[in-house]
Amino acid sequence: MPSLPAKKLLDRYRVTSGAKFRLRRFSTDDVAPKLINPAEADALMAAGVARLSELQALLAAQHSWSLLAVFQAMDAAGKDGTIKHVMSGVNPQGVEVTSFKAPGPEELDHGFLWRVMRRMPDRGRIGIFNRSHYEEVLVVRVHPELLVRQNLPPSLNHKDIWKHRLADIAGFERYTARQGTVVLKFFLHVSREEQKRRLLDRLDHPGKNWKFNAGDVAERHHWDTYMDAYEEAIIATATPRAPWFVIPADHKWFARLVVVAAMVEALEALDLRPPKLAESTRADLAAARIELMKDE
Ligand code: ATP
Ligand code: MG
């Protein structure tokens, strides 16, 4: 069974501090050829998925920590497929996936973290955010008309709003980490060219037409503005406790492997074990065994 040089691999893409971070230094098409033999990718993925499943069972048994994996990306970068593959071996009862869409009226009547708080994973569970609170400093920043819909008091809607939102996100994630939710943030970093290929592919294949969204083509005009917004968001919110992983996503198999490795690494660092039973509970179990044995 091939083994994954997980730490070396993850260190290439892990961002734990905004100091000196530049998005353009991160590749979209790297496949770490010195670390991973593509012929072994399927076996590595299968092993990662199996290990994640074991760790999730321990997470649930211990019922103390929880894990939140946030997925952000441009359209067609592969968020859905990555979530599907990475979580494929995990007990569905231990996971909750939330896809955040444009907020509705009730959501707009609250602060932007309101809907996020409500979907945080319970202790012992894994939460997956397919898009997240980061949309508030990405799409909303790129399209100021979305901010108008939020109807903020005018005196709070000023030039520092993005800086303040980013600080609030960092504060929220610090709080979450201190409450026992490990936060990992994945930016699936796809190139503009590869996105074009994937969108064309959705047009070319009738079976994939349903995935096509004309709005995605319009968003391509704002590519550089999005990249600037991503860069600022990562700079302001990358911390050792809530790291970003800027993952090359032009090759789907590779992005999935890095994500599973990061989730496994984070759970292994928690040193999860089933809870130790109290002396009295063990005595109860012994009594239950005697009673069961007597039963016909
Ligand atoms: P896919 O296209 O693969 O189905 P998706 O995540 O792009 O996945 P869509 O339904 O196409 O799903 O898009 C959801 C839309 O909701 C995105 O355009 C996203 O930017 C938008 N959105 C999410 N959160 C917010 C927010 N807080 N404010 C405004 N728009 C948001
Ligand atoms: Mg979409």
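Residues numbered from 1 in each chain as written. Chains lettered and ligands numbered in written order. Predicted model: local features only at pLDDT ≥ 70, side-chain atom pairs only at ≥ 80, totals over all residues. Heavy atoms only, no water.

So, the site of ligand 1
Our working definition: Any residue with a heavy atom positioned within 4 Å of a molecule or strand is treated as near that molecule or strand. Polar contacts here mean pairs of N or O atoms no more than 3.5 Å apart (in protein, one a potential hydrogen donor and the other a potential acceptor; neighbouring residues in sequence count only if both atoms are side-chain atoms). The accessible surface values rely on the Shrake-Rupley method and a 1.4 Å probe; as for residues, cover is taken only from the protein chains in view. Runs of E in the DSSP output that reach at least two residues are strands. Runs of H or I that reach at least four are helices, and both are numbered from the N terminus.
Lys79, Asp80, Arg131, Glu135 and Glu136 are the nearest of the 15 residues found near ligand 1. One of the backbone nitrogen or oxygen atoms of Ala102 is found 3.1 Å away from an oxygen atom of ligand 1. Within the side chain of Arg115, an N or O atom sits 3.2 Å from a nitrogen atom of ligand 1. Computed on the free molecule, ligand 1 has an accessible area of 630 Å², of which 75% lies beneath the protein chains in the complex. Taken together, the elements giving at least two residues each to the shell around ligand 1 come down to helix H3 (79-86) and helix H6 (139-142).

Looking at the sheet that holds strand S2 (residues 66-73)
The strands that make up a sheet are held in pairs by hydrogen bonds between backbone atoms, and each pair lies either parallel or antiparallel. Applicable threshold: Following DSSP output, two strands are said to pair if at least two bridges run between them. In this analysis, two residues are considered to be in contact whenever any of their non-hydrogen atoms come within 4.5 Å of each other. Only C-alpha atoms enter the line fits that serve as axes; for helices the fit covers just the stretch in contact. Angles between N-to-C directions range over 0 to 180 degrees.
Reading across from one edge, S1-S6-S5-S2-S4-S3 is the order of the 6 strands in this open sheet, with mixed pairing throughout. Pairing within the sheet leaves two strands with one partner each, and these edge strands are strand S1 (14-15) and strand S3 (95-99). Alignment of S2 against strand S5 (residues 181-189), held across 8 bridges, turns out to be parallel. Bridge pairing links Leu68 to Val183 in S5. The sheet strands contacting helix H11 (residues 223-237) are S1, S2, S5 and strand S6 (244-248), and the helix crosses S5 at an angle near 155°.

A look at the packing of aromatic side chains
Stated formally: Aromatic pairing here means that ring centres of Phe, Tyr or Trp (its six-membered ring) are within 6.5 Å. Orientation follows from the plane angle: under 30 degrees is stacked, over 60 is edge-to-face, and everything else is tilted. For the exposure calls, accessible area comes from a 1.4 Å probe over protein chains only, and a residue counts as buried if that area is under 20% of its type's maximum, exposed if over 50%, partly exposed in between. For a ring to carry a charge above it, either NZ of a lysine or CZ of an arginine must fall within 6 Å of the ring centroid while also lying within 35 degrees of the normal to the ring plane.
Inspection of the entire model under this criterion finds 8 aromatic pairs. Summarising the aromatic geometry, the rings of Tyr13 and Phe254 are spaced 5.9 Å apart at their centres and angled 85° between planes, so their arrangement reads as edge-to-face. Within this pair, whereas Tyr13 is found in helix H1 (residues 6-13), its partner Phe254 is found in helix H12 (residues 252-268), the two being separated by 241 residues in sequence. Phe254 gets classed as buried once you look at its relative accessible area, which sits at 0%. In textbook terms, an aromatic cluster arises when at least three aromatic residues are bridged by ring pairs, as seen for Tyr13, Trp253 and Phe254. When the ring centre of Trp114 is taken as origin, the NZ or CZ atom of Arg118, which lies over that ring, is 4.3 Å away.

Remarks on the nonpolar core
Where we set the bar: Take the buried Ala, Val, Leu, Ile, Met, Phe, Trp, Tyr and Cys residues and link them wherever side-chain atoms come within 4.5 Å; each set so joined is a nonpolar core.
Ranked by size, the top nonpolar core spans 83 residues in total, and within it Met87, Phe186 and Met263 carry the most contacts. For this core, the element with the most residues is H12, which contributes 12 residues. Once residues within four sequence positions are removed from consideration, Met87 is found in contact with Leu52, Val95, Ile126, Ile128 and Met263.

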